[in-house]
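Residues per chain, in single letters:
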Amino acid sequence: MNKLAYIDEKIAELKKNGIYRVLPVNYGPCKNVIDLNHRSVVNLSANNYLGLAADPRVVKAAEKALKKYGAGAGAVRTIVGNQDLMGELETLLAQFKQEEAVTVFQSGLNCNMGVIQAVTDQGDLIVSDELNHASIIDGVKLSKADRAVYKHSDMEDLERVLKEKRSLYKNVLIITDGVFSMDGDLAKLPQIVELADRYEALTYVDDAHGSGVLGSHGRGTVDHFHLHGRIDFVIGTLSKAVGVVGGYCCSKQNVKEWLLHRGRPLLFSTAIPPSSVAAAIESIKILMTSTEATDKLWENARYFKEGMTKLGFDIGRSETPITPVMIGDEAKTMAFSKRLLEAGVFVSGIVFPTVPKGKGRLRAMISAAHTKEDLDFALEAFKNVGKELSVI
Ligand SMILES: *Cc1c(COP(=O)(O)O)cnc(C)c1O
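The rules we used
- Residues numbered from 1 in each chain as written.
- Predicted model: local features only at pLDDT ≥ 70, side-chain atom pairs only at ≥ 80, totals over all residues.
- Heavy atoms only, no water.
- Near = heavy atom within 4 Å.
- Polar contact = N/O pair within 3.5 Å; in protein donor to acceptor, adjacent residues only side chain to side chain.
- Areas by Shrake-Rupley, 256 points an atom, 1.4 Å probe, with all protein chains shown as cover.
- Helix = DSSP H or I, 4+ residues; strand = E, 2+ residues; numbered from the N terminus.
- Nonpolar A, V, L, I, M, F, W, Y, C, P; charged D, E, K, R; others polar.
- 1 Å grid on protein atoms, 1.4 Å probe; cavity = no way out; pocket = protein on both sides within 12 Å on 5 of 7 lines; lining within 4 Å.
- Points joined across faces, edges and corners; volume = space filled by probe spheres on them.
- Buried < 20%, exposed > 50% of the residue type's maximum accessible area, 1.4 Å probe, protein only.
- Contact = heavy atoms within 4.5 Å.
- Phe/Tyr/Trp six-rings, centres within 6.5 Å; stacked < 30°, edge-to-face > 60°.
- Lys NZ or Arg CZ within 6 Å of the ring centre and 35° of its normal.
- Pairing = 2+ DSSP bridges.
- Right-handed = clockwise from strand over helix to strand, strands pointing away.
- Axes fitted to C-alpha atoms, helices over the stretch in contact; angles between N-to-C directions.
- Salt bridge = Lys/Arg side-chain N within 4 Å of Asp/Glu carboxyl O.

Caption draft 1: Structural view of the site of the ligand. Taken together, 14 residues form the shell around the ligand, and within it Gly108, Asp206, Thr237, Ser239 and Lys240 come nearest. Here a nitrogen atom of the ligand sits 2.5 Å away from a polar atom, N or O, in the side chain of Asp206. In the environment of the ligand, an oxygen atom lies 3.2 Å from a nitrogen or oxygen atom belonging to the side chain of His209. Compared with its free state, where it exposes 380 Å², the ligand has 86% of that area covered by protein. A total of 3 residues in the shell around the ligand trace back to one element, the largest contributor, which is helix α4 (residues 108-119). Grouping the amino acids of the shell around the ligand by side-chain chemistry returns 2 nonpolar, 9 polar and 3 charged.

Caption draft 2: How the structure looks around the layout of surface pockets. Computed from the structure, the largest pocket encloses a volume of approximately 1,200 Å³. Lining the largest pocket are 32 residues, with Arg21, Pro24, Phe346, Ser348 and Gly349 positioned closest to its centre. A per-element tally of the lining of the largest pocket places helix α13 (residues 330-342) first, with 5 residues. Along the lines of polarity and charge, the residues of the lining of the largest pocket split into 19 nonpolar, 10 polar and 3 charged. Within this model, the second largest pocket holds a volume of roughly 520 Å³. At the level of elements, α5 (134-141) and β13 (360-365) are the ones that each hand at least two residues to the lining of the second largest pocket. For the lining of the second largest pocket, the per-class residue count stands at 9 nonpolar, 6 polar and 7 charged.

Caption draft 3: Structural view of the side chain of Ser181. The topology assignment puts Ser181 in the loop between β6 (172-177) and α7 (189-198). Look at Ser181 and you get buried, because its relative accessible area is 9%. The contact partners of Ser181, leaving out residues within four places of it in the chain, are His133, His209, Ile322 and Arg363.

Caption draft 4: Seen up close, the packing of aromatic side chains. Evaluation of the coordinates by the stated rule reveals 5 aromatic pairs. Between Phe313 and Phe336, the ring centres sit 6.2 Å apart and the planes meet at 70 degrees, which makes this aromatic pair edge-to-face. Note that Phe313 is positioned in the loop between α12 (292-311) and β10 (322-328) and Phe336 in helix α13, a separation of 23 residues in sequence. Across the pair, exposure class does not vary: Phe313 and Phe336 are buried alike. Judged by relative accessible area, which is 0%, Phe336 ranks as buried. Pairwise contacts between aromatic rings join Phe304, Phe313, Phe336 and Phe382 into one cluster. Positioned over the ring face of Tyr20 is Lys15, at 4.5 Å from the centre of the ring. Here the basic side chain of Lys357 rests over the ring of Phe352, its NZ or CZ set 4.1 Å away from the ring centre.

Caption draft 5: Spotlight on the pairing of strand β5 (residues 146-150). Where strand β4 (residues 125-129) and β5 come together, 5 bridges link them in parallel fashion. Within the sheet, the bridge partner assigned to Leu125 lies in β5 and is Asp146. Read from β4 through α5 to β5, the crossover connection turns out right-handed.

Caption draft 6: Spotlight on the sheet that holds β13. Pairing within the open sheet is antiparallel, and its 3 strands lie in the order β10-β13-β12. Each of the sheet's edge strands pairs with one partner strand only, and the pair in question is β10 and β12 (348-350). Ignoring strand direction, the axes of neighbouring strands in this sheet form an average angle of 30 degrees. Across 3 bridges, β12 lies against β13 in antiparallel orientation. Counterpart to Gly349 in the pairing with β13 is Leu362.

Caption draft 7: Fine view of the pattern of salt bridges. This structure, assessed with the given rule, holds 16 salt bridges. For Arg198, the salt bridge is made with Glu194, and the minimal N-O distance between the two is 3.1 Å. Separated by 4 residues within a single helix, Arg198 and Glu194 lie in helix α7, roughly one turn from each other. Accessibility expressed as a relative area gives 41% for Glu194, which makes it partly exposed. Lys383 is the salt-bridge partner of Glu380, the closest N and O atoms lying 3.8 Å from each other. On the criterion of helical spacing, the pair formed by Glu380 and Lys383 is a turn pair, its members being 3 residues apart in helix α14 (residues 372-388). On the accessibility criterion, Glu380 (40% relative accessible area) is partly exposed.

Next up, the structure:
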C-alpha cells in the first residue's frame, strides 16, 4: 500500500491547474545577468535591489569572517551562538535605522514567527491588512491573541475594527507590510499611526521591501514618512536589499531583552553564520556612507516603469521599484513569463493563490545592478511578447 498516494493526488491537481513548477537553477551569483539553466538571461526577478549580494566588498567581508570565525555559529544565540559580530551588527543596525534597540533573527520570515507571538498574548487583538505577507499571516497564527483583518490599506475599515473591538481587549496590535510585495504600493503609515494613537493600539511594520530602498540612505518606509519613534515594532530583512540573509526587529531595549527570552527562533534555531553577519555589516556600512546604489536603483526603476507605461502595459499602483505587469488570466500570465525567458529575460509569473484569481501578473524587480542595456533589452522583449500575446 502506498501511504503517500495522497501527495500524488495533490501534485496531479497542481499539474491539472497548470501551476506545477520545476525550479530553475542559477549556476552563478545573483547579478543583473544570470546563468539560469545554463542560459544567460537578464534577471528581473531578484530582491537584490542594490546588487549587494555579489558586491566584491561584501564578499570580501564574508571571506574574512569565514577565516576567523569558521563556517557556522555552532549553537543558538541564547547558548554560545552569539558571536561578537552579532552585537556589532545589531548596534550598527540600530544606528542605521535610528531606533533604540535591534534584535537579529535568522530570516525575515522567522523574525515574524518569533516576534508576533512573543509580544502578544491571550486577551489581545491583532489587526492585520488583508494583503500582508505570508510570514505575517503564519506569525499571527502562532499567537494566542485574537485576530481581525482589514481591507487592504482601507483606513475606514481599520477604524471600524478598532471602534468595534478596542474596548474588548488589553493590547491591540496593528500589523502591516511597509511596502506590499505583490503591488509595490506603500502602507498608509501616517494614518495608521494616527489611528493607533487615537485608539491606544501598538503598531508593527514589516519593512522587508522598504529597507535599503525607501527613505534617506535606504533607511526604510518609516524614514520615508518621517515617523521615527512612532512605530513600536519595525521589522527588516537582511535578505533583500542588504543582499545576505537574516531578519531583525527594531524596538525599545525592553523588547529586545524580552525577545532574547521568548523569541522562539533565537532559542531553538542556530544563529546565522558569522560570514553572513560580517557580510551584512559591510552592506549596511556601504548604505550608510553612500547613496550611490539607492540613487541608481530609483533611476533604473523610473526608466523601466516609464518605458513599460509608454508601451501600453498596466503596471498597477506601484510606488517602488517593484513593477507588477498586469495580465489577468493565469495561463496567459505563465505563457508570457515562458516566452520572455525564451527571449532571454527572466520575470516570474505570479498567479493564484499568491494573488487573487484573475489578477495574474508578471513581477519585474528592478535593481541598481541593471545597466541601461539590460533594461532596454527587457523592454524590447516585453514589447514583442506583449504584442504576440495581444496584451498591448
Ligand atoms: C520577503 C519578505 C519576508 C521574508 O524575508 P526573508 O528574510 O527572505 O525570510 C518577510 N516579510 C515580508 C513583507 C517580505 O516581503
